[in-house]
Amino acid sequence: MEFFIDTANLEEIKSLSTWGVVDGVTTNPSLIAKEGKSQKEIITAITEIIDGPISAEVIATDFDGMISEGQELAKIHSNIVIKVPLTIAGLQATKWFTENNIKTNVTLAFSANQALLAAKNGATYVSPFIGRLDDIGQTGMDLIREIRAIYDNYGFTTKILAASIRHTDHVKEAAIVGADVSTIPYKVLTQLVKHPLTDSGLEQFLADHAKSK
Ligand code: E4P
């Protein structure tokens, strides 16, 4: 399973990049807006830290606008993945980007049928938002399970990117049901490493070592 960091914060990305477990980065307009810099500046800086897929989202909602924004973003670095919303124009743009060898991440996926459409148009990634489904009383993880079954039935190569991850159990469950990637916020990624028995066990080993000859 690949791990992406779900943030546009350069300090967070720098800090986690040293762990050896980060394969890529996802951003969205809300994450970019928090940083007080332009999307181009931030995405360019991320390419200097992480050598892996970096999702940059288009703002345009029409086909022509998505293509022109996506082409500009793709020029920043060969690792850029163009994030488009799961709309008709987004699906049309996905097909165009695929035919023009530009990688895509189809975002805001909330149903298995939407994910099926993204795969049919050759999306590199589809992003089901599991936390936002949980928020409205559904079980987001069921969506990952359904998409996995559908993609496996037909051999679709679109990668399932579990997004809107809110806690460590989401990461574990996404791995169990077979998501290809989890995009994880900084706080959740730092929590993955922690276990109280690891801390107390280490403390005991060090105390015992201090008593040995
Ligand atoms: C990532 O690609 C998504 O934009 C992100 O995971 C959304 O997360 P949120 O639902 O916490 O905003």
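Residues numbered from 1 in each chain as written. Predicted model: local features only at pLDDT ≥ 70, side-chain atom pairs only at ≥ 80, totals over all residues. Heavy atoms only, no water.

A short note on the overall build of the chain
Here is step 1 of the chain: If you tally the helices and strands in the chain, you get 11 helices and eight strands.
Here is step 2 of the chain: Whereas a compact globule of 213 residues would reach a radius of gyration of roughly 17 Å, the chain reaches 19 Å, a difference of no more than 12%.
Here is step 3 of the chain: For the chain, the C-alpha atoms occupy an extent of roughly 70 × 40 × 30 Å along the three principal directions.
Here is step 4 of the chain: Of all 213 residues assigned to the chain, the portion counted as buried reaches 46%.
Here is step 5 of the chain: Considering only intrachain contacts with a sequence separation of at least 6, the fraction spanning at least 24 residues in the chain is 56%.
Here is step 6 of the chain: With the model as given, the accessible surface of the chain reaches about 10900 Å², and the carbon-plus-sulfur share is 53%.
Here is step 7 of the chain: The positive charge centre, built from 19 side chains, and the negative charge centre, built from 26, are 3 Å apart in the chain. (Helix = DSSP H or I, 4+ residues; strand = E, 2+ residues; numbered from the N terminus. Rg over C-alpha atoms; globule rule 2.2 N^0.38 Å. Buried < 20%, exposed > 50% of the residue type's maximum accessible area, 1.4 Å probe, protein only. Contact = heavy atoms within 4.5 Å. Areas by Shrake-Rupley, 256 points an atom, 1.4 Å probe, with all protein chains shown as cover. Lys, Arg positive; Asp, Glu negative; His and termini not counted. Charge placed at Lys NZ, Arg CZ, Asp CG, Glu CD.)

Thoughts on unusual backbone geometry
Here is step 1 of the chain: Phi is positive for Asn 101, close to 55 degrees, though the residue is something other than glycine.
Here is step 2 of the chain: Of note in the backbone geometry, Ser 164 takes a positive phi value of approximately 60 degrees without being a glycine.
Here is step 3 of the chain: You can call Ser 164 buried: its relative accessible area is 9%.

Description of the packing of helix H6 (residues 112-120) against helix H8 (residues 140-154)
Here is step 1 of the chain: Packing of H6 against H8 leaves a shortest axis separation of 9 Å and a crossing angle of 40 degrees. In terms of their interaxial angle, H6 and H8 are classed as oblique. H6 and H8 meet at a crossing whose hand is right-handed. Within the contact between the two elements, H6 uses Ala 112, Ala 115, Leu 116 and Ala 119 and H8 uses Leu 143, Glu 146, Ile 147, Ile 150 and Tyr 151.
Here is step 2 of the chain: Looking at the contact of H6 with H8, its residues break down into eight nonpolar, no polar and one charged. (Axes fitted to C-alpha atoms, helices over the stretch in contact; angles between N-to-C directions. Parallel < 35°, antiparallel > 145°, perpendicular 65-115°, else oblique. Left-handed = near helix turned anticlockwise from the far one by under 90°. Nonpolar A, V, L, I, M, F, W, Y, C, P; charged D, E, K, R; others polar.)

Considering the pairing of strand E6 (residues 125-128)
For a regular strand, side chains alternate in direction, first toward one face of the sheet and then toward the other.
Here is step 1 of the chain: Along E6, one buried face is formed by Tyr 125 and Ser 127 and the opposite face, lined by Val 126 and Pro 128, is buried too.
Here is step 2 of the chain: Where strand E5 (residues 104-109) meets E6, three bridges bridge the pair, whose relative direction is parallel. By the bridge assignment for E6, Asn 105 is matched with Tyr 125.
Here is step 3 of the chain: Handedness of the crossover joining E5 and E6 through H6: right-handed.
Here is step 4 of the chain: Pairing of E6 with strand E7 (residues 159-162) involves two bridges; the strand directions are parallel. Looking across to E7, one finds that Val 126 is bridged to Ile 160. (Pairing = 2+ DSSP bridges. Right-handed = clockwise from strand over helix to strand, strands pointing away.)

Considering the nonpolar core
Here is step 1 of the chain: Ranked by size, the top nonpolar core spans 58 residues in total, and within it Ile 80, Ile 82, Ile 144 and Tyr 151 carry the most contacts.
Here is step 2 of the chain: Ignoring anything within four residues of it in the chain, the contact list for Ile 144 reads Pro 128, Ile 130, Ile 160, Ala 162, Val 177 and Ala 179.
Here is step 3 of the chain: If you look at the next biggest cluster of nonpolar residues, it comprises seven residues, including Phe 4, Tyr 125, Phe 129 and Val 181. (Core = buried A, V, L, I, M, F, W, Y, C linked by side-chain atoms within 4.5 Å.)

A short note on the side chain of Asn 121
Here is step 1 of the chain: Tracing the sequence through the fold places Asn 121 in the loop between H6 and E6.
Here is step 2 of the chain: Reaching out from Asn 121, the side chain makes a polar contact with the backbone oxygen of Leu 91 at a distance of 2.8 Å.
Here is step 3 of the chain: The residues touching Asn 121, leaving out its near neighbours within four places in the chain, are Leu 91, Gln 92, Thr 94, Lys 95 and Thr 98. (Polar contact = N/O pair within 3.5 Å; in protein donor to acceptor, adjacent residues only side chain to side chain.)

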